[in-house]
Amino acid sequence: MSFVSITRLRLRSPFLLLPFMWHAMRSSNQIQKAQGFIKGKTLMEAKLTFWTMSIWNDELAMRAYRNTEAHKLAMPKLQFWCDEASVVHWELEDEIFPGWPQAHERMVKLGRLSKVKRPSLTHSLHQIATPHYPSKTERILLPKK
């Protein structure tokens, strides 16, 4: 049994891309060294939209990563940078990545919208756009030993 965490973020302005990418890079470096991290992937889409998927040994390992270091520093900024943000978690039978269609389906049915200061109409209506894949912007993350 493993645990998957999916996030979807949309930046509200291209001027926020550089600081967002700096924090994303630091968080990626952190996750690859995190205890209990199995693997992950990211998907960058048009309209400044970013999906993340990470698989963990368990929920406690994911929360330990989320609540420390670079990721903890980035999280409060997202409410100012994003006009759409959501998250969903669930347990997996194995360590195989769910497909992006399954991630989207779970996000729509079971996901939680994150607080953003300037929500888009889509966010306000609790709508989540389908990810576009396959994509050359998908990146795999593996643990660094």
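Anyway, here's the lowdown on the structure attached to this text. Bear in mind that the values here come from a model prediction, so they are computed numbers and not experimental data. Position labels on residues start from 1 in each chain and follow its written sequence. Local features in this predicted model are restricted to residues whose pLDDT is 70 or higher, and side-chain atom pairs enter the listing and the counts only when it is 80 or higher, whereas totals over whole chains, interfaces and linings include all residues. Side-chain measures here rest on the full set of heavy atoms in the structure, leaving out hydrogens and waters.

Concerning the overall build of the protein
So, step 1. Helix and strand definitions follow DSSP, with helices as H or I runs of at least four residues and strands as E runs of at least two, each counted in order from the N terminus. Of the regular secondary structure elements, the protein holds five helices and six strands.
So, step 2. Taken from the N to the C terminus, the helices and strands of the protein come in the order β-α-β-β-α-α-β-α-β-α-β.
So, step 3. C-alpha atoms define the radius of gyration in this analysis, and the globule rule sets the expected value at 2.2 Å times the number of residues to the power 0.38. Computed over C-alpha atoms, the radius of gyration of the protein comes to 14 Å, within 12% of the 15 Å expected from 2.2 N^0.38 for 145 residues, which places it in the range of a compact globule.
So, step 4. Taken along its principal axes, the extent of the C-alpha atoms in the protein is 40 × 30 × 30 Å.
So, step 5. Buried means the residue's accessible area, taken with a 1.4 Å probe over protein chains only, is under 20% of the maximum for its type, while exposed means over 50%, and partly exposed covers the values in between. Every one of the 145 residues in the protein was classed for burial, and the buried ones make up 43%.
So, step 6. By sequence separation, contacts in the protein at least 24 residues apart represent 80% of the contacts at least 6 residues apart.
So, step 7. Using a 1.4 Å probe, the Shrake-Rupley method yields the accessible areas, and only the shown protein chains count as cover for residues. In the form shown here, the protein has an accessible surface area of approximately 8500 Å², with 58% of it arising from carbon and sulfur atoms. In this analysis, two residues are considered to be in contact whenever any of their non-hydrogen atoms come within 4.5 Å of each other.

Looking at the nonpolar core
So, step 1. Core analysis: the biggest nonpolar cluster contains 15 residues, and Val4, Ile6, Trp51 and Met53 have the highest contact counts within it.
So, step 2. Secondary-structure elements contributing two or more residues to this core are strand E1 (2-11), strand E2 (37-45), strand E3 (49-56), strand E4 (82-92) and helix H4 (100-110).
So, step 3. Of all hydrophobic cores here, the second largest spans 10 residues; its members include Leu11, Leu78, Ala85 and Val116. For the purposes of this section, nonpolar cores are sets of buried Ala, Val, Leu, Ile, Met, Phe, Trp, Tyr and Cys residues that join through side-chain atoms within 4.5 Å.

Topic: the environment of Ala24
So, step 1. For Ala24, the location among the structural elements is in helix H1 (residues 17-33).
So, step 2. In sequence terms Ala24 and Leu48 are 24 residues apart; their C-alpha atoms lie 13 Å from each other.

Considering a negative patch on the surface
So, step 1. A patch consists of residues whose relative accessible area exceeds 30% and which take part in no salt bridge; residues with like charges are grouped when within 9 Å of each other, and nonpolar side chains (Val, Leu, Ile, Met, Phe, Trp, Tyr) when within 5 Å. We define a salt bridge as a contact between a side-chain nitrogen of Lys or Arg and a carboxyl oxygen of Asp or Glu at a distance within 4 Å. Charged-residue counts in this description rest on Lys and Arg as positive and Asp and Glu as negative, His and the chain ends being excluded. Think of each charge as sitting on NZ of Lys, CZ of Arg, CG of Asp or CD of Glu. Judged by side-chain charge, Glu91, Glu93, Asp94 and Glu95 come together as a negatively charged surface patch.
So, step 2. Position of Glu95 among the secondary structure elements: in the loop between E4 and H4.
So, step 3. Judged by its relative accessible area of 44%, Glu95 falls in the partly exposed class.

Regarding unusual backbone geometry
So, step 1. At Leu48, a position not held by glycine, the phi torsion is positive, near 55°.
So, step 2. Examined against the element boundaries, Leu48 turns out to sit in the loop between E2 and E3.
So, step 3. With a phi close to 50°, Glu69 is a non-glycine residue in the positive phi region.

Thoughts on the pairing of E2
So, step 1. Counted residue by residue, E2 has seven buried out of nine residues, so it is predominantly covered.
So, step 2. Any two strands with at least two DSSP bridges between them are considered paired. Sheet topology places E2 next to E3; eight bridges connect them, and they run antiparallel. In the strand pairing of E3, Glu45 is matched with Thr49.
So, step 3. Two elements, E2 and strand E6 (residues 138-141), share four bridges in a ladder whose sense is antiparallel.

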